[in-house]
Amino acid sequence: MIVRPRAWLLSSLLIVGGLVGTILLPYPKSRLAPGALVSLRLTDRNGVLLREVLSESGGRSRWVTLSEVSPDVIKATLAAEDRNFFLHRGLHLPSVVRALWQNARQGRVVSGASTLSQQVVRNIEPRPRTLGAKLREAWLAIRLERSVPKEEILTQYLNRVPYGNQAFGIEAAARLYFRKPASDLSLAEAAFLAALPRSPSQSNPYHDPAPALRRQRETIAAMRRLGLVRPDEADRALAEPLAIRPPSESFRAPHFTTAFLSRLTEKERASLAEIQTTLDAPLQEKVEALVRGHLERLARSGVRNAAVVVLDNAGGDILAWAGSRDYFDAGASGQVDGVLSARQPGSALKPFTYALALEAGMTAATLIDDAPAEFAAAGGPYRPENYDRRYHGRVRLRSALACSYNVSAVATLDVVGVERLYRQLRDLGMDSLSEPPGFYGAGLTLGNGEVTLLELARAYMALARGGTFMPERFTLASFDHERREGALPSPPAPKRAFSAATAFIITDILADADARVPAFGYGSPLNLPFPCAAKTGTSKDYRDNWTVGYTTDYTVGIWVGNFDGRPMENVSGITGCGPLFRDVMLLLHRERRPAAFTLPEGLVRRTVCATTGDLASAACPARVEELFIAGTEPLLVCDRQGDAQEARLADRPAGRAPHRPSAAPPGPRILFPEDGAVFQVDPVLRAEYQKIRCRASLDGLDDFRVLEWYIDESRAGATPGGTWVWNLQPGSYTIRAVAVTGRGRVAGPPVRVTVLGP
Ligand SMILES: [Zn+2]
């Protein structure tokens with residue numbers, strides 16, 4: 001069919017005419033109404049102000065008229081954003097043409113210079129930046145210009161645009177950055193603020209003031225060029241030092257409050273005036289100080305950041321939340337929140353594999369092969385290796401978990417099944433594991449999937465709570481603008497993730513200082529003077545380092561690493577996070593020691609053979625007490641000849657004899673220096689002469705071979721006898737001697753010394 005030209009022309013004209021006609025429609029004035037004054041206060045659990053959100057998106061802070069704004073603000077805004085404002089009718093045609101040309105060349109919407117009118121329209125109805133949205137914006141801007149005077153558009157602009165850091169409108173911005181009303185701003189301050197709305201996040205002065213200051217100078221120069229200020233005024237403004245006020249006075253627990261605000265719905269933000277969060281502000285400050293202190297200690301290992309979260313087990317309250325060393329340190333990406341960053345947790349997921357194993361009928365005394373093996377995996381056969389690159393033979397489940405052996409963990413997962421572990425981790429709130437289970441395969445138990453510190457702490461809290469899972473809680477109460485208690489969604493009811501008996505056995509293993517000795521030695525920072533369960537984890541290539549643990553009262557999660565993924569040097573879960581974990585736990589329990597974990601019903605104790613896991617006989621050289629879920633305790637009595645077993649295993653190179661007596665064997669005792677000794681570096685002597693000769697007693701050590709010397713967990717030397725020369729460097733150190741014998745390695749008690757600088 002042939003389209004008749006006249007009909008086509010007529011319909012085109014009608015469509016174009018109709019579109020043009022809509023421009024004559026007035027802009028709906030109701031959209032310009034300033035809303036109620038809205039500011040949202042977040043307090044800690046005792047009412048201490050953490051943060052006041054001066055306004056929120058879509059909301060307004062303090063609506064001001066043009067007469068309440070310094071004239072310099074208006075001039076600077078025109079110079080920075082729209083110098084033809086009083087000439088155009090909503091659109092600046094040369095800018096439109098330029099933007100269209102750039103769009104055509106780049107094939108996408110690049111930011112064209114928008115007029116103030118366009119920006120007002122965009123702030124009232126934000127839309128994704130598509131070409132269609134741009135056209136709609138232009139259409140609305142023209143209608144706005146036809147409906148209200150220029151002064152009203154300027155007022156709308158100054159009250160609506162974001163100046164960064166949740167400050168919407170010039171009044172909120174003036175009060176945030178300079179602690180003064182917008183009427184009192186100087187020319188220099190006005191130019192500074194006027195240049196912020198273009199890219200409030202990129203030129204955030206709290207992260208790096210340089211870009212914002214550069215734009216301020218450009219704005220002042222433009223004001224002078226346009227004749228808006230006299231040259232001498234401009235010179236004075238350029239010379240004026242700006243006192244940008246820090247946000248910290250009303251911006252405590254910045255990562256926590258930011259995370260919380262991002263969870264609120266628009267409606268909640270608009271209707272609530274005050275929210276009492278669960279945070280404990282004094283505790284938060286102390287935790288932040290501990291983070292800074294420990295990062296100084298770790299700086300020489302290339303560690304630049306850390307994160308801590310503290311949960312109250314009773315109600316899941318978040319008591320402390322430090323997302324980085326310093327939120328306001330842009331150089332170290334301080335605003336990145338280490339509590340919410342998904343990273344590989346390494347061994348920190350192993351307890352959940354073993355919990356499932358217990359529920360599947362294995363016991364803490366079940367022997368698991370820790371030997372070279374291949375496991376089927378999606379990406380081909382998988383051969384796990386241990387952290388110490390050795391295999392440990394058949395080990396009891398308790399030792400396998402406490403010593404964090406990788407091969408045993410994968411062997412156990414083989415029994416449990418990847419799908420079951422995956423489903424359990426998801427049920428425990430690890431939403432970051434978003435791929436299907438086959439994607440992770442057997443490596444899931446070794447922590448190859450990425451999870452957040454908050455997710456880890458949340459899951460461990462279920463163990464601390466005797467097996468019931470409950471997500472963490474951010475708030476205690478909320479109030480609307482009339483101080484009426486508001487309604488926030490109530491937290492979901494706790495649900496059972498493990499039986500109380502399973503949770504108790506896992507807790508008992510994670511709190512067992514003796515059981516982790518073969519892998520981690522004596523004097524671990526995880527050994528606290530009260531019952532405390534803890535597990536460490538290290539991701540591949542030493543990029544991330546975790547310790548998560550709990551007492552009956554609190555669950556604490558710690559991450560240490562670098563936001564840019566740079567690996568750390570010689571940092572293990574024990575040396576990296578362990579001391580910080582220890583200090584946070586000691587801080588939490590400074591006034592009140594935690595209760596012991598309560599033994600639930602349905603558990604029985606039996607004495608078993610440490611080698612076979614069977615009921616101990618009189619011939620077994622090493623016996624241990626073990627806990628069993630009633631009905632799973634061993635029924636057979638060990639019939640292995642202990643001596644034969646010893647003889648066979650004694651030849652294993654550097655292997656630890658599994659028949660380990662439950663009391664610590666006599667280790668090499670350091671005779672010099674004495675515990676608590678203080679040395680001073682001599683300012684006169686050359687450094688190479690500043691040495692001491694350390695001495696240790698080797699009495700009672702059978703088949704002694706070599707003595708290893710450890711300074712702060714790292715091996716500093718090995719000697720064939722009991723003496724070793726140590727170069728003094730200022731600092732505090734823990735010295736430990738470990739004897740390598742034909743029957744394994746034996747550590748002696750540590751000695752702490754202090755070396756003072758010259
Ligand atoms: Zn035995």
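What you see is a predicted model, and the numbers here were worked out from it, not measured in a lab.

(A) Spotlight on the overall build of the protein chain. Scanning the protein chain from terminus to terminus reveals 24 helices and 24 strands. Across the 758 residues that make up the protein chain, the buried fraction comes to 52%. Expressed as a percentage of contacts within the protein chain between residues at least 6 apart in sequence, the contacts between residues at least 24 apart total 70%.

(B) Structural context of the sheet that holds strand 9 (residues 475-480). Across the sheet, which stays open at both edges, the four strands sit in the order 2-1-3-9 with mixed pairing between neighbours. The open sheet is flanked by strand 2 (49-53) and strand 9, the only strands paired with a single partner. Direction aside, the axes of adjacent strands within the sheet are offset by 15° on average. Relative to strand 3 (residues 272-277), strand 1 (residues 40-43) runs parallel, the two sharing three bridges. Across the sheet, leucine 42 pairs through a bridge with isoleucine 275, a residue of strand 3. Sheet strands touched by helix 11 (residues 254-263): strand 1, strand 2, strand 3 and strand 9. Its angle to strand 2, the strand with the most contacts, is close to 45°.

(C) Structural context of the side chain of arginine 122. Secondary-structure assignment places arginine 122 in helix 4 (residues 116-124). Residue arginine 122 is classed as buried on the basis of its relative accessible area of 19%. With near-sequence residues (within four places) excluded, arginine 122 lies in contact with Ser114, Arg129, Lys134 and Glu137.

(D) Summary view of the pattern of salt bridges. Enumeration according to the criterion identifies 25 salt bridges in this entry. Here arginine 484 makes a salt bridge to aspartate 480, at a shortest N to O gap of 3.0 Å. We classify aspartate 480 as buried; its relative accessible area is 14%.

(E) The sheet that holds strand 16 (residues 669-672), seen in detail. Taken together, the three strands give an open sheet; going across it, the order is 16-18-21, and neighbouring strands pair in antiparallel fashion. In this open sheet, the two edge strands, each paired with only one partner strand, are strand 16 and strand 21 (723-727). Each neighbouring strand pair of the sheet contributes to a mean axis angle of 35°, computed without reference to strand direction.

(F) Quick peek at the coordination of the zinc ion. Around the zinc ion, the protein contributes the donor atoms Cys609 (SG), Cys620 (SG) and Cys638 (SG), which lie 2.1 to 2.4 Å from the metal centre. Taken in sequence order, the residues that donate to the zinc ion follow the motif C-x10-C-x17-C. Residue cysteine 620 is found in the loop between strand 14 (603-609) and strand 15 (623-629), and its partner cysteine 638 is found in the loop between strand 15 and helix 24 (642-650); the two are separated by 18 residues along the sequence. In this structure, cysteine 620 and cysteine 638 share a single accessibility class: buried.

(G) Main features of a nonpolar patch on the surface. Judged by side-chain polarity, Trp8, Leu9 and Leu13 come together as a nonpolar surface patch covering roughly 360 Å² of accessible area. Of note, leucine 13 is situated in helix 1 (residues 5-22). You can call leucine 13 exposed: its relative accessible area is 57%.

(H) Geometry of the nonpolar core. One finds Val309, Trp321, Phe352, Met430, Leu456 and Tyr460 to be the most contacted residues of the largest nonpolar core, which totals 87 residues. Looking at this core, the element that brings in the most residues is helix 19 (residues 453-464), giving ten residues. Look past the residues within four positions of tryptophan 321 in its chain and what remains in contact with it is His255, Phe256, Ala259, Leu279, Gln284, Val308, Val309, Asp337, Val339, Leu340, Leu454 and Phe474. Core analysis: the next-biggest nonpolar cluster, separate from the first, contains 38 residues, Leu116, Val120, Leu158 and Leu196 among them.

(I) A look at the packing of aromatic side chains. According to the stated counting rule, one finds 19 aromatic pairs in the structure shown. Where phenylalanine 352 meets tyrosine 460, the ring centres are 5.3 Å apart and the plane angle is 85°; that geometry is what we call edge-to-face. Taken together, the positions of phenylalanine 352 in helix 14 (residues 350-359) and tyrosine 460 in helix 19 put the pair 108 residues apart, joining distant regions of the chain. Measuring from centroid to centroid gives 5.3 Å for tryptophan 726 and tyrosine 733, while their planes differ by 90°, and the two rings are edge-to-face. With relative accessibility at 7%, the residue tryptophan 726 sits in the buried group.

(J) Molecular detail of helix 17 (residues 418-427). Taken as a whole, helix 17 has its buried residues at Val418, Leu421, Tyr422, Gln424 and Leu425. Projected down its long axis, helix 17 shows its buried positions confined to an angular sector of 165°, all on one face. Buried-residue contacts for helix 17 involve helix 14, helix 16 (406-416) and helix 18 (437-440). Positive phi appears at glycine 429, one or two residues downstream of helix 17, with a value of about 95°.

Rules of the game
Residues numbered from 1 in each chain as written. Predicted model: local features only at pLDDT ≥ 70, side-chain atom pairs only at ≥ 80, totals over all residues. Heavy atoms only, no water. Helix = DSSP H or I, 4+ residues; strand = E, 2+ residues; numbered from the N terminus. Buried < 20%, exposed > 50% of the residue type's maximum accessible area, 1.4 Å probe, protein only. Contact = heavy atoms within 4.5 Å. Pairing = 2+ DSSP bridges. Axes fitted to C-alpha atoms, helices over the stretch in contact; angles between N-to-C directions. Salt bridge = Lys/Arg side-chain N within 4 Å of Asp/Glu carboxyl O. Donors = N, O, S within 2.8 Å, 3.2 Å for Na, K, Ca; no water. Patch = residues over 30% accessible without salt bridge, like charges linked within 9 Å, V, L, I, M, F, W, Y side chains within 5 Å. Areas by Shrake-Rupley, 256 points an atom, 1.4 Å probe, with all protein chains shown as cover. Core = buried A, V, L, I, M, F, W, Y, C linked by side-chain atoms within 4.5 Å. Phe/Tyr/Trp six-rings, centres within 6.5 Å; stacked < 30°, edge-to-face > 60°. Arc of directions from axis to C-beta.

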